[in-house]
Amino acid sequence: MRIPVTISNDSGKPLYHQIKEQLRAMILSGNLPEGILLPSIREFAADLSCSVITIRRVYQDLEQEGLLYTRQGTGTFVAKVGYVQRERFRNAAVYEAFRNAVETGRQVNCTDEEMREILNSLLEETDLIDE
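First, a word on scope: everything that follows refers to the structure included in this document. Within each chain, residues carry numbers counting from 1 in the order of the written sequence. Whole-chain, interface and lining totals are the exception, using all residues; otherwise, since this is a predicted model, local features are given only for residues with pLDDT of at least 70 and side-chain atom pairs are given and counted only at 80 or more. No hydrogens and no water enter the side-chain calculation; it runs on all heavy atoms of the structure.

## Describing the overall build of the protein
Secondary structure counts use DSSP, requiring at least four H or I residues in a row for a helix and at least two E residues in a row for a strand, with both numbered from the N terminus. A count of helices and strands for the protein gives five helices and two strands. Along the protein, from the amino end to the carboxyl end, the secondary structure elements read α-α-α-β-β-α-α. A radius of gyration in this sense is built from C-alpha atoms; the matching globule rule multiplies 2.2 Å by the number of residues raised to 0.38. Taking 14 Å as the expected radius of gyration for a compact globule of 131 residues, we find that the protein reaches 18 Å, considerably beyond that expectation. Dimensions along the principal axes, computed over C-alpha positions, put the protein at roughly 60 × 35 × 25 Å. Exposed residues in this analysis have more than 50% of their type's maximum accessible area, buried residues have under 20%, and partly exposed residues fall in between, with area computed by a 1.4 Å probe over protein chains only. A burial count over the protein gives 25% of its 131 residues as buried. For the protein, the accessible surface area stands at approximately 9100 Å², while carbon and sulfur atoms represent 52% of it. Averaging the positions of the 15 positive and the 20 negative side-chain charges in the protein gives two centres separated by 12 Å. Each accessible area is a Shrake-Rupley result for a 1.4 Å probe, and residues are judged covered by the shown protein chains and nothing else. Counted as positive: Lys and Arg. Counted as negative: Asp and Glu. His and the chain ends are not counted at all. Here the site of a charge means atom NZ of a Lys, CZ of an Arg, CG of an Asp or CD of a Glu.

## Remarks on the nonpolar core
One broad rule of soluble globular proteins: the nonpolar side chains tend to lie buried together. Definition of nonpolar core: a set of buried residues of the types Ala, Val, Leu, Ile, Met, Phe, Trp, Tyr and Cys, connected through side-chain atoms within 4.5 Å. Residues Ile3, Ile19, Leu23, Leu32, Phe44, Ile55 and Tyr59 are the most contacted members of the largest nonpolar core, which totals 22 residues. Of all the elements in the fold, those that place two or more residues in this core are α1 (15-29), α2 (41-48) and α3 (52-64). Residue contributions to this core peak at six residues, all from α1. In what follows, a contact means two residues having at least one pair of non-hydrogen atoms within 4.5 Å. For Leu32, the contacting residues outside a window of four places in its chain are Met1, Ile3, Leu23, Met26, Ile27, Leu38 and Val78.

## Some points on the pattern of salt bridges
By definition, a salt bridge exists where a carboxyl oxygen of Asp or Glu is found within 4 Å of a side-chain nitrogen of Lys or Arg. Summed over the entire model, instances satisfying the criterion amount to seven salt bridges. As a salt-bridge pair, Asp61 and Lys20 come within 3.4 Å of each other at their nearest N and O atoms. Highlighted residues: Asp61 in helix α3 and Lys20 in helix α1, separated in sequence by 41 residues. The pair formed by Asp61 and Lys20 is uniform in burial state, with each residue classed as buried. The partner of Glu87 in a salt bridge is Arg90, with the nearest N and O atoms 2.8 Å apart. Taken together, the residues span about one helical turn, with Glu87 and Arg90 both in helix α4 (residues 83-107) at a distance of three residues. By sharing partners, the salt bridges in this structure join Lys20, Glu21, Arg24, Asp61 and Glu65 into a single network.

## Overview of the side chain of Arg24
Counting through the fold element by element, Arg24 comes out in helix α1. Judged by relative accessible area, Arg24 falls into the buried class, the value being 15%. In the analysis that follows, any N or O atom pair within 3.5 Å is treated as a polar contact, provided that within protein one partner can donate a hydrogen and the other can accept it, and provided that, for residues neighboring in sequence, both atoms belong to side chains. Reaching out from Arg24, the side chain makes a polar contact with the side chain of Glu21 at a distance of 2.6 Å. Contact partners of Arg24, with chain neighbours within four places excluded, come to Leu62, Glu65 and Leu67.

## What to know about α4
Take the number of residues in a helix, subtract one, and multiply by 1.5 Å to get its expected span. Between its first and last C-alpha atoms α4 spans 36 Å; for 25 residues at 1.5 Å apiece the expected length is 36 Å, and the two agree. Taken from the residues just after α4, Asn109 is the one with a positive phi, measuring 65 degrees.

Here you go:
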C-alpha cells in the first residue's frame, strides 16, 4: 500500500515532522481507516527516500499518541480514533488555517471587513463548486 505522503527538502520543517503531521492528518480525517495495515518501516522509508530511523520514530510517536498500534510479527496498524479526537483535530486544523490567513491579511494591511468579505467570497465559491 502506498501512503500519499509528500515531503519537501525545501520546507523549513524536518522530514520527520512533515511525515508525522501528514500521517496524523490522514488518520484523524479518516483517510487512513481503522485497522489498515501500514507499510513496514523499511518499505515506507524506501518509498519516501528517507532513513528507517525517521519512519521508526514517526510510527513510535503516533503509537504513543494512540493513533497506531503494532502487532509483533504482523505489522503496524491504524488504531480506532474516537469522534471527540477527530473533532478536536478538525477544529484545530481549521483554526490554524484561519489564524495564518488573518496574520497574512494583517501583514498586507487588510481591514477586518475586507477579510470577512474575502472569506464570504471563498465560502460562496466553494458552495458553487459543491453543487
